[in-house]
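Residues per chain are reported as follows:
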Amino acid sequence: MVTFLEKISERAKKLNKTIALPETEDIRTLQAAAKVLKRGIAKVVLVGNEAAIKALAGDLDLSKARIVDPKTYEKKDEYINAFYELRKHKGVTLESSAEIISDYVYFAVMMAKLGEVDGVVSGAAHSSSDTLRPAVQIVKTAKGAALASAFFIIAVPDCEYGSDGTFLFADSGMVEMPSVEDVANIAVISAKTFELLVQDVPKVAMLSYSTKGSAKSKLTEATIASTKLAQKLAPEIAIDGELQVDAAIVPKVAASKAPGSPVAGKANVFIFPDLNCGNIAYKIAQRLAKAEAYGPITQGLAKPINDLSRGCSDEDIVGAVAITCVQAAAQDK
Ligand SMILES: CC(C)(COP(=O)(O)OP(=O)(O)OC[C@H]1O[C@@H](n2cnc3c(N)ncnc32)[C@H](O)[C@@H]1OP(=O)(O)O)[C@@H](O)C(=O)NCCC(=O)NCCS
Ligand SMILES: CC(=O)OP(=O)(O)O
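Residues numbered from 1 in each chain as written. Chains lettered and ligands numbered in written order. Predicted model: local features only at pLDDT ≥ 70, side-chain atom pairs only at ≥ 80, totals over all residues. Heavy atoms only, no water.

Observations regarding the pairing of strand S6 (residues 166–170)
In regular strands, side chains alternate between the two faces of the sheet.
Then, in step 1: Within S6, five of the five residues are buried, which leaves the element mostly enclosed by the surrounding structure.
Then, in step 2: Of the two faces of S6, both are covered, the one formed by Thr166, Leu168 and Ala170 as well as the one formed by Phe167 and Phe169.
Then, in step 3: Strand direction decides the pairing type here: strand S5 (residues 149–155) and S6, joined by five bridges, are antiparallel. In the sheet register, isoleucine 154 faces S6, and the bridge partner there is phenylalanine 167. (Buried < 20%, exposed > 50% of the residue type's maximum accessible area, 1.4 Å probe, protein only. Helix = DSSP H or I, 4+ residues; strand = E, 2+ residues; numbered from the N terminus. Pairing = 2+ DSSP bridges.)

A few points about unusual backbone geometry
Then, in step 1: A cis amide bond, omega -20°, links alanine 170 with the succeeding residue aspartate 171.
Then, in step 2: Residue position: aspartate 171 is located in the loop between S6 and helix H8 (180–198).
Then, in step 3: Residue glutamate 242 is bonded to the preceding glycine 241 through a cis peptide linkage, with omega at -5°.
Then, in step 4: Its identity as a non-glycine residue notwithstanding, lysine 140 has a phi of 60°, on the positive side.
Then, in step 5: Located in the positive-phi region is aspartate 158, a residue other than glycine, with phi close to 45°.
Then, in step 6: Aspartate 158 gets classed as exposed once you look at its relative accessible area, which sits at 82%.

Notes on the site of ligand 1
Then, in step 1: Neighbouring residues of ligand 1: 19 residues in total, closest Arg87, Ser129, Ala148, Gly173 and Met174.
Then, in step 2: Within the side chain of glutamine 137, a nitrogen or oxygen atom sits 3.4 Å from an oxygen atom of ligand 1.
Then, in step 3: A distance of 2.9 Å is found between a nitrogen atom of ligand 1 and a backbone nitrogen or oxygen belonging to glycine 173.
Then, in step 4: Considered on its own, ligand 1 offers 940 Å² of accessible surface; in the complex 64% of this is hidden by protein.
Then, in step 5: At the level of elements, helix H7 (128–139) and helix H12 (275–288) are the ones that each hand at least two residues to the shell around ligand 1.
Then, in step 6: Considering each element in turn, the shell around ligand 1 owes the most residues, six residues, to H7.
Then, in step 7: When grouped by side-chain class, the residues that make up the shell around ligand 1 number eight nonpolar, six polar and five charged. (Near = heavy atom within 4 Å. Polar contact = N/O pair within 3.5 Å; in protein donor to acceptor, adjacent residues only side chain to side chain. Areas by Shrake-Rupley, 256 points an atom, 1.4 Å probe, with all protein chains shown as cover. Nonpolar A, V, L, I, M, F, W, Y, C, P; charged D, E, K, R; others polar.)

Re the sheet that holds strand S2 (residues 43–47)
Then, in step 1: Across the sheet, five strands lie side by side as S3-S2-S1-S4-S11; this open sheet has parallel pairing. Bordering the open sheet on either side are strand S3 (66–68) and strand S11 (305–306), each of which pairs with just one other strand.
Then, in step 2: Across the sheet, helix H2 (residues 27–39) lies against strand S1 (18–21) and S2, angled at about 160° from S2, the strand it touches most.
Then, in step 3: Relative to the sheet, helix H13 (residues 314–332) contacts S1, strand S4 (119–121) and S11, its axis offset from that of S4 by approximately 165°. (Contact = heavy atoms within 4.5 Å. Axes fitted to C-alpha atoms, helices over the stretch in contact; angles between N-to-C directions.)

Digging into the site of ligand 2
Then, in step 1: Surveying the vicinity of ligand 2 reveals the residues Ser128, Phe152, Asn279, Tyr282, Lys283, Pro296, Ser309 and Arg310.
Then, in step 2: Between asparagine 279 and ligand 2, the recorded distance is 3.0 Å, taken from a side-chain N or O atom to an oxygen atom.
Then, in step 3: Top element by residues in the shell around ligand 2 is H12. It accounts for three residues.
Then, in step 4: Residue classes in the shell around ligand 2 are distributed as three nonpolar, three polar and two charged.

Let's talk about the confidence of the model for the protein chain
Then, in step 1: When pLDDT is averaged across the protein chain, the result is 96; 100% of the residues are at 70 or more.
Then, in step 2: Here the predicted complex carries an ipTM of 0.95, next to a pTM of 0.95. (pLDDT = per-residue confidence, 0-100.)

Overview of the state of the cysteines
Then, in step 1: If you walk through the whole model with that rule in mind, you get zero disulfides.
Then, in step 2: Sulfur of cysteine 325: no disulfide; nearest cysteine sulfur belongs to cysteine 312 and is 17 Å away. (Disulfide = S-S within 2.5 Å.)

Rendered as structure tokens:
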């Protein structure tokens, strides 16, 4: 069977996108860059010090990568000014802008903002906050998006559920305590993202510890309210809740707990009530079910600036790069 990574890589190869990788002091970044270049998935910009990158890379073939050092880059002043203009209302001075822009992640995100690269992948050596904060500060939300959020593509081996074992989990990486409106917006954008990346019809389950009123509390009421709002925002998408995970994916359980639901028993997009649930669930799927887990990938940003888990492998970074290329191409349209 063709894996999600193989499929998304094949799509990325046709797009000729350029992705910046700022974590050049981490060997996994350089290993991933070498694989991305060898497989022809994307062009790569490595942000960092050339001598340090070459010393760490050893025998890895990075000859086709462009190396950009924020310290010596000819457009350094343009970058400092651009960040100053974006953030002066928040107290940033030209001096502090120079300091901030010398950070490789901020610099890479500014490269995306100024159109020098199509996207950024970071997070193997930084916490999610340190990758996502530059993204929301510099590129900000896309036109028409209510908020930025983050998801994982989870591909479970030998799994009869979801889209041949592939699921989207959201929010698993960014919005800590989403409001009812936030969860509804995350559901709608996640369905569209699933369609783009997995190329299958999304069936969105608004997850809970209750199915269709089996329990009643403030928590279940919030999920029901998010479900109703998401259905109103996007009546053309199959969205249903509140559903427990077994009712969402197992047809037999769905038939008894949620008969007649357009989603129950068939869900491939999981919407969690908060970041605790979303992040815990993805790590359980990854570690216990041995699922491939790509993310946290952002949605709703004006440019794809994507995160990683610090526990990622070089192959996970390759997957995130390929996804970033496909997202960037979709934003071109
Ligand atoms: C994303 C995150 C870093 C933003 O942090 P924050 O403390 O809100 O950042 P700031 O207060 O500096 O906000 C920066 C800007 O981004 C905006 N912003 C924050 N979250 C946003 C979102 N989800 N969508 C759109 N904009 C957002 C703010 O409104 C603010 O705008 P402004 O400064 O231009 O007015 C934060 O939500 C976070 O840490 N999330 C959890 C990440 C995490 O730990 N994940 C677990 C492991 S994956
Ligand atoms: C996504 C995530 O949980 O990131 P980390 O493992 O780096 O905290």
